[in-house]
Amino acid sequence: MHQQTKIAAAVLLAVGGFSAWAQQAEPQQIERVTVTGSAIKRIDAETAVPVTVIKMTDLRNSGVTSVEQIMANLTSVQTSTNAAQSIGSGSGGASFADLRGIGADKTLVLLNGERIANNAVDGSAPDLNMIPFAAIDRIEVLRDGASALYGTDAIGGVINFITKKSYNGATVTVGYDSPQHGGGRATSANVGFGFGDLSSQGFNVLGFVSARKEDAIAGDQREFNKRIVGGLSNSTDPANYTQDFSTLYNPAAPTCTGTSLIPVAGGTQCKIVTPNFVDFAPKSQTASGMLKGTLRVNDSLELSAEAFMTQNKVTTRIAPVPYGGYLMNPTMPNGQPNPYFPKTNVDPTFDDGTAGAPAFSPSSAFANPVNVQQGFVYVFWRDFPNGSRAQRNDNKQSRIVLSADGNAANWDYSVKFSANKNTVDQNLIGGYGDGDMIGEGLLEGVINPFGAQSEAGTALLQKAALNGLLQTATGKVNIFKATASRELSDWLGAGRPAQIAIGAERRHEDFDSHANKDFAKLVSASTGLDPEFVAKGTRNVSALYTEINVPVLKTLEVTGSLRYDKYSDFGNTTNPKLSFRFQPSKEVLFRGSASTGFRAPTLFELYGSQAYTNTAGNVNNPINCPGGTPIAGASAGANCNTQFQVLTGGNTNLKPEKSKGYTLGAVFEPMADMSLGIDLWAIKITNSIAALPESTLFANYQQFQQYFHFAQPGNLLSITSNCPGPKCGYVERLNQNLGGTNTNGVDLSAQYRLRSNVGQFDFALNSTFVNKYEYQDYQGGPWNQNVGVYVGSGPVFKWQHNLTVNWAYNAFALGTAVHYKSGYTDFVPTNRVSAFTTTDLYGSWTPMKGTSLVLGVRNLFDRDPPFTNQADLFQSGGWDSRYANAAGRTYYVRGTYSF
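Just so it is clear, the structure is predicted and the values come from calculations on it, not from any experiment.

Draft legend 1. Molecular detail of helix 4 (residues 435-443). Most of helix 4 is tucked away: eight of the nine residues are buried. If you follow the buried residues of helix 4, they end up packed against strand 15 (322-328), strand 16 (377-382), helix 5 (455-464) and helix 6 (517-527). Immediately downstream of helix 4, the backbone of G445 shows phi near 85°, a positive value.

Written as structure tokens, this is what we have:
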């Protein structure tokens, strides 16, 4: 319903946004079309709401090979979750879009105007990696809330990926990308084919197949990774040890010669710098295929069937498993001295009440339990012999759509059924081990945490190594939808008839996520996953909606729409939208809209299993180390600049989010081939759903102390890997309704086409200015100002720009794109993160019809990500993977042959 019938390419250039990316062709027959943001077919694509149209042919010339890269170049996208953030997290390797920075769960992603299944791991939004990139013809981005038309969750806007309706012939494209500094090399290939002509033969079949492989960028392959911000750990090689946790000791101190160690705590202790062992970008392998058939039964009916499947495998690597706080006896079970037991800084009479008890139950490694001995020590060791922890997320997305489109009794109608499924398997493929087995090896003197391993130690570590399926998540959504539209009479004598559209929808959502129980038991100490973890939920949504467009004058039309939704678990909601379009002259257009929204919590937000993990970055114990200074008797190593246990997961007590959205804009054409656009926008949200940011919790203990759960009075939050769960103490970060979010700003666009004897030049500038972004951490709480400052989970950029210049002459073309993000006050306000600008350069040659060669370079001036002292993300190294790419200068080549 949301794709064109026969649209002239000239119409695309008129739409605000990245219009310079839209190539203009000679005008063809103009028929009524449906543009994203309206259910009514119309001739004029410049509607009452702001829509950005992106042509994929131009994106491919500029070196774009993934949907994730497209989102990074949209100024209306404030932040996004990308594949790099899956490193050390549970995102399953997904990439999300986040229009206006209000959350990916409030940006509705469509494929050919229809939903696909959300990422099954967290249920927040569809994974952009699952969109069949090779099949995309164009992208329409509605920069306005559309809850009244598409669904109550389209609060921030809509991104509609549209494939070709029909295709005849075949095309093959191959590509290669190579960063200058190593790692991240990528190869890609796609094949498209089609046969049959709808107009003359009455049918068309088209298909696309694509594959892409990208290498990882390792943590030691970029110089800027030497900027140490967080990423410091007490679990080292050789290990730190202690008896009372007031002081940690290391045999390598004070020089700390070892694996990436640095001296701390007056020279008695060492810490490891982990960023070198954390990938900057993951390894990925993506394959997708799409097949679509259309049959024109007669002039009034078309039937079509569409199927696609995408598989994305993302492999991430982080530092080896830390075994912190594990026990080590001074003698072995045979009564002989433990050869690896430390010789200094040990009290042989030490006993904190643990001595005399068995540390572990019998395991496959040792026949009998061994008691903890008097004079034991706690060791903080990292399992480098088994190597870095590696996880592979296998993500599969599939969809089948059956549709009938036609007209009858002066109504244009569309009936569609779609079945969508997303499955993510999380596999451990290296570095993880049986924590109990390794714990026994440390306790009994088989494993040496301070040096080289014996044959027995090596054999035990190899036996303890575990690979296998950790957990599986599946999300399904089945949708039946029917829409119809028609012209009415000219009610007000404006010279054009009013138009109406009506529609109904029935949606069933299903979510299931569970641990592979038997395997999860073996690795629970090194993963933190509860082996009994099960999360599931279902939901039904029924909806009725209508839209009516009324020309009031020849120059003014008003559009109203209304949507009623009934949720099986959250009652019903009605959301209206009102918009206007006023064009007093050919050169000037004014437009505006107002709407409401309603987003029920996702099934994952409600039913996601509660699990224990660690803080993403290093923080200070607010009781034992206030302001970074340990109190008397408290160990700096155990309480300052370290990680603590966190409880995350769903919350069945959540309430829906509600919103109001407004836009007001204008488009001017002061001269031929020039267009200027301005759109003001504002969004207000109540009952925002999220977990409180770690930094907010730890920085405001007095305000949020109800979320801090103590292991014992004065001893906050243990993170020993042999002690997961509530008995160790933890910080609670469950989903909750935090309060309100208000944001507003301006989108600007300018385009100009210059025709000359030496070729055609196209210039385009697209900018987004955020005037306000404020949010509350809890109901009725103070408003946090977020524009240009790192507050809570990150910054909001005041300015984002994209400038493109393209030149074409005969068989040759050159282009450049400049991308800009403004600076901001950092996580620790003593630092100012500098503005970040990158420049891309590309050229193409078309020696004959159907054949083209593209050469280009991204990040031409090899700009490193700006330094930031944030420690919220698992990746450290003084950069933020949400806003900058680690690849640096990257060369690429593309070759296409069509026949």
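Draft legend 2. Representation of the pattern of salt bridges within the structure. Taken as a whole, this structure holds 38 salt bridges when the rule is applied. Linking R563 and E505 is a salt bridge whose minimum nitrogen-to-oxygen distance equals 3.6 Å. With R563 in strand 22 (residues 556-567) and E505 in strand 20 (residues 499-515), this pair connects stretches of sequence that are 58 residues apart. No difference in accessibility class separates R563 from E505, as the two residues are buried. With a shortest N-O distance of 3.7 Å, R539 and E509 are connected by a salt bridge. In this pair, R539 sits in strand 21 (residues 534-551) while E509 sits in strand 20, placing the two residues 30 residues apart along the sequence. Each member of the pair, R539 together with E509, is buried. One network of salt bridges, in which partners are shared, links E505, R507, E509, R539, R563, D565 and D569.

Draft legend 3. Spatial organisation of the packing of helix 4 against helix 5. Packing of helix 4 against helix 5 leaves a shortest axis separation of 9 Å and a crossing angle of 165°. Relative to helix 5, helix 4 is oriented roughly antiparallel. As helix 4 packs across helix 5, the resulting crossing turns out to be left-handed. Where helix 4 approaches helix 5, its residues M437, I438 and G441 are matched on the opposing element by L460, L461, K463 and A464. Taken together, the residues of the contact of helix 4 with helix 5 break down into five nonpolar, one polar and one charged.

Draft legend 4. Spatial organisation of the sheet that holds strand 25 (residues 611-614). Across the sheet, four strands lie side by side as 25-26-30-29; this open sheet has mixed pairing. Of all the strands in the sheet, just strand 25 and strand 29 (708-709) have a single pairing partner and so form its edges. Pairing between strand 29 and strand 30 (residues 730-734): two bridges, direction antiparallel. Its bridge partner lying in strand 30, H709 is registered against Y730.

Draft legend 5. Spatial organisation of the sheet that holds strand 9 (residues 232-233). Strand order in the open sheet made by the three strands is 9-12-11, with antiparallel pairing throughout. The strands lining the two open edges of the sheet, one partner per strand, are strand 9 and strand 11 (261-264). By the bridge criterion, four bridges tie strand 11 to strand 12 (residues 269-273) in an arrangement that is antiparallel. Bridged to V264 within strand 12 is Q269.

The rules behind the values
For every chain, the first residue of its written sequence is number 1, and the numbers climb from 1 along that sequence. For this predicted model, a pLDDT threshold of at least 70 governs which residues receive local features, and a threshold of 80 or more governs which side-chain atom pairs are given and counted, while totals over whole chains, interfaces and linings are taken from all residues. Note that water and hydrogens are dropped before the side-chain values are worked out from all heavy atoms of the structure. For every residue, the accessible area (1.4 Å probe, protein chains only) is compared with the maximum for its type, and the residue is labelled buried under 20%, exposed over 50%, or partly exposed between those bounds. Only runs of H or I of at least four residues qualify as helices and only runs of E of at least two qualify as strands under DSSP, and these elements are numbered from the N terminus. Here, two residues are considered to be in contact whenever any of their heavy atoms come within 4.5 Å of each other. The rule for a salt bridge is simple: a side-chain nitrogen of Lys or Arg has to be within 4 Å of a carboxyl oxygen of Asp or Glu. Helix axes use the C-alpha atoms of the stretch in contact, all axes being lines fitted to C-alpha atoms, and the angles between their N-to-C directions lie in the range 0 to 180 degrees. Convention used here: angles under 35 degrees read as roughly parallel, angles over 145 as roughly antiparallel, angles from 65 to 115 as roughly perpendicular, and any remaining angle as oblique. With the far helix as reference, a near helix turned anticlockwise by less than a right angle produces a left-handed crossing, and one turned clockwise produces a right-handed crossing. Note on residue categories: nonpolar means Ala, Val, Leu, Ile, Met, Phe, Trp, Tyr, Cys or Pro, charged means Asp, Glu, Lys or Arg, and polar means any other residue, Gly included. When DSSP finds two or more bridges between two strands, those strands count as paired.

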